[in-house]
Amino acid sequence: MINLESLRGRLIVSCQAYPGEPMRDPHTMSQVAQSAVIGGAAAVRVQGLADIEQTREAVEVPVIGLWKDGHDGVFITPTLRHALACAKAGAHVVALDGTRRHRPDALTLQQTIDGLRAESDALVMADCGSLDDALAAVAAGADLIGTTLAGYTGEREKTVGPDLELLEQLSAADLGRPIIAEGRISTPDQARQAMQAGAFAVVVGTAITHPASITGWFVNAVEAP
Ligand SMILES: CC(=O)N[C@H](C=O)[C@@H](O)[C@H](O)[C@H](O)COP(=O)(O)O
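The structure contained in this document is the topic of the report that follows. (Residues numbered from 1 in each chain as written. Predicted model: local features only at pLDDT ≥ 70, side-chain atom pairs only at ≥ 80, totals over all residues. Heavy atoms only, no water.)

## Things to note about the overall build of the protein chain
Then step 1. When helices and strands are counted, the protein chain shows nine helices and eight strands.
Then step 2. Taking 225 residues into account, the globule formula puts the C-alpha radius of gyration at 17 Å, and the protein chain, at 16 Å, falls close to it.
Then step 3. With the C-alpha coordinates aligned to their principal axes, the bounding extent of the protein chain is approximately 50 × 40 × 35 Å.
Then step 4. Classification of the 225 residues of the protein chain by burial places 51% in the buried group.
Then step 5. Counting only contacts in the protein chain whose residues sit at least 6 apart along the sequence, the fraction spanning at least 24 positions is 57%. (Helix = DSSP H or I, 4+ residues; strand = E, 2+ residues; numbered from the N terminus. Rg over C-alpha atoms; globule rule 2.2 N^0.38 Å. Buried < 20%, exposed > 50% of the residue type's maximum accessible area, 1.4 Å probe, protein only. Contact = heavy atoms within 4.5 Å.)

See below:
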């Protein structure tokens with residue numbers, strides 16, 4: 001089991017390519033993860049069983065693993081079966097949908113976490129979309145609370161940068177669990193603001209590991225200055 005203290009005040013890098021993209025390849029993603037570690041990432045977050053397996057082999061830092069299935073509703077490690085598979089593939093931390101929405105296998109979050117714990121010693125990161133999600137996820141036994149789904153579930157507005165107000169709410173709620181700021185953190189300044197708003201650690205994905213998006217940002221600036 002990993003020591004969560006190793007993540008306090010640190011950057012975690014999410015390395016994901018989307019279906020149909022050229023970089024959607026587990027070996028490529030493991031190389032991206034290695035590059036992030038060289039840059040100072042304290043942990044990496046990867047999607048898909050093969051990516052988890054290959055990244056586990058490639059890096060020494062903790063691997064947060066998830067399995068996305070679908071793209072609407074509950075799709076981040078949506079069922080116990082997906083969670084168990086992520087743990088079996090080698091994830092130190094299994095990231096899963098931590099919202100209060102109905103899950104495709106009809107289990108509750110608590111049943112999902114209990115089922116995972118019965119078979120593995122992986123920690124659980126609950127990807128939440130609101131303060132109420134986070135409170136429920138803590139009660140269900142999650143080890144880490146992520147703001148991953150803020151702005152994607154209809155409970156919170158989709159802020160341009162990170163949802164700093166939610167981070168402040170989570171921090172004031174004294175959840176007794178590390179709060180991981182994740183989602184739409186695109187600049188070092190936003191990462192700093194997330195830490196100042198009470199995050200235990202910050203996850204950055206797109207702005208570090210998704211060249212097509214980053215290129216688009218620059219194209220927009222150049223072509224419509
Ligand atoms: C909502 C959703 O599906 N989030 C996913 C969760 O794993 C990823 O697509 C994001 O890239 C990740 O959360 C990091 O966020 P950002 O790429 O904004 O730094």
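Having put the structure on the table, let's press on.
## Thoughts on the pairing of strand S2 (residues 43-47)
Then step 1. By the criterion of burial, S2 is predominantly enclosed, with five of the five residues buried.
Then step 2. Residues Ala 43, Arg 45 and Gln 47 line one face of S2 and the alternating positions Val 44 and Val 46 line the opposite face, and both faces are buried.
Then step 3. Where strand S1 (residues 10-15) and S2 come together, four bridges link them in parallel fashion. When the bridges of S2 are listed, Val 13 appears paired with Val 44.
Then step 4. Note on the crossover from S1 through helix H1 (residues 26-39) to S2: the handedness is right-handed.
Then step 5. As for the winding sense of the linkage, the β-α-β connection from S2 through helix H2 (residues 49-58) to strand S3 (residues 63-66) is right-handed. (Pairing = 2+ DSSP bridges. Right-handed = clockwise from strand over helix to strand, strands pointing away.)

## Notes on the site of the ligand
Then step 1. Inspection of the region around the ligand gives 16 residues, with Tyr 18, Lys 68, Glu 182, Arg 184 and Thr 206 positioned closest.
Then step 2. One of the side-chain N or O atoms of Arg 45 is found 2.9 Å from an oxygen atom in the ligand.
Then step 3. In the complex, the protein chains occlude 89% of the 450 Å² of accessible area that the ligand would expose alone.
Then step 4. Of the residues that constitute the shell around the ligand, the class distribution is seven nonpolar, five polar and four charged. (Near = heavy atom within 4 Å. Polar contact = N/O pair within 3.5 Å; in protein donor to acceptor, adjacent residues only side chain to side chain. Areas by Shrake-Rupley, 256 points an atom, 1.4 Å probe, with all protein chains shown as cover. Nonpolar A, V, L, I, M, F, W, Y, C, P; charged D, E, K, R; others polar.)

## Quick word on the pattern of salt bridges
Then step 1. Considering all chains together, one arrives at 10 salt bridges under this definition.
Then step 2. Here Arg 8 and Glu 5 are joined by a salt bridge, their closest N and O atoms 2.8 Å apart.
Then step 3. Linked through salt bridges whose partners overlap, the residues forming this network are Arg 45, Asp 127 and Glu 182. (Salt bridge = Lys/Arg side-chain N within 4 Å of Asp/Glu carboxyl O.)

## Thoughts on the sheet that holds strand S4 (residues 93-97)
Then step 1. Spatially, the eight strands close up into a barrel ordered S1-S2-S3-S4-S5-S6-S7-S8, and their pairing is parallel. Along the sheet, successive strands turn relative to each other by an average axial angle of 25 degrees, direction set aside.
Then step 2. Pairing geometry for S3 and S4, over two bridges, is parallel. The partner of Gly 65 across the bridge, within S4, is Val 94.
Then step 3. Contacting S1 and S2, H1 runs over the sheet at an angle of about 165 degrees to S1.
Then step 4. Most of the contacts of helix H4 (residues 109-119) go to S4, to which it runs at about 160 degrees, and overall it touches S4 and strand S5 (123-127). (Axes fitted to C-alpha atoms, helices over the stretch in contact; angles between N-to-C directions.)

## Regarding the environment of Ala 43
Then step 1. Residue placement: Ala 43 occurs in strand S2.
Then step 2. The spacing of Ala 43 and Ser 6 is 37 residues in sequence and 9.0 Å in space, taken between C-alpha atoms.
Then step 3. When neighbours within four sequence positions are excluded, Ala 43 is seen to be in contact with Leu 7, Leu 11, Ile 12, Val 13, Val 61 and Pro 62.

## Details of the side chain of Arg 103
Then step 1. One can find Arg 103 in the loop between S4 and H4.
Then step 2. An unpaired buried charge is present at Arg 103: no salt bridge exists, and Asp 97, the closest side chain of opposite charge, is 4.0 Å distant.
Then step 3. Engagement of the side chain of Arg 103 in a polar contact is seen with the backbone oxygen of Asp 97, the distance being 3.0 Å.
Then step 4. Residues in contact with Arg 103, not counting those within four places in the same chain, are Thr 77, Pro 78, Leu 96, Asp 97, Thr 108, Leu 109 and Thr 112. (Lys, Arg positive; Asp, Glu negative; His and termini not counted.)

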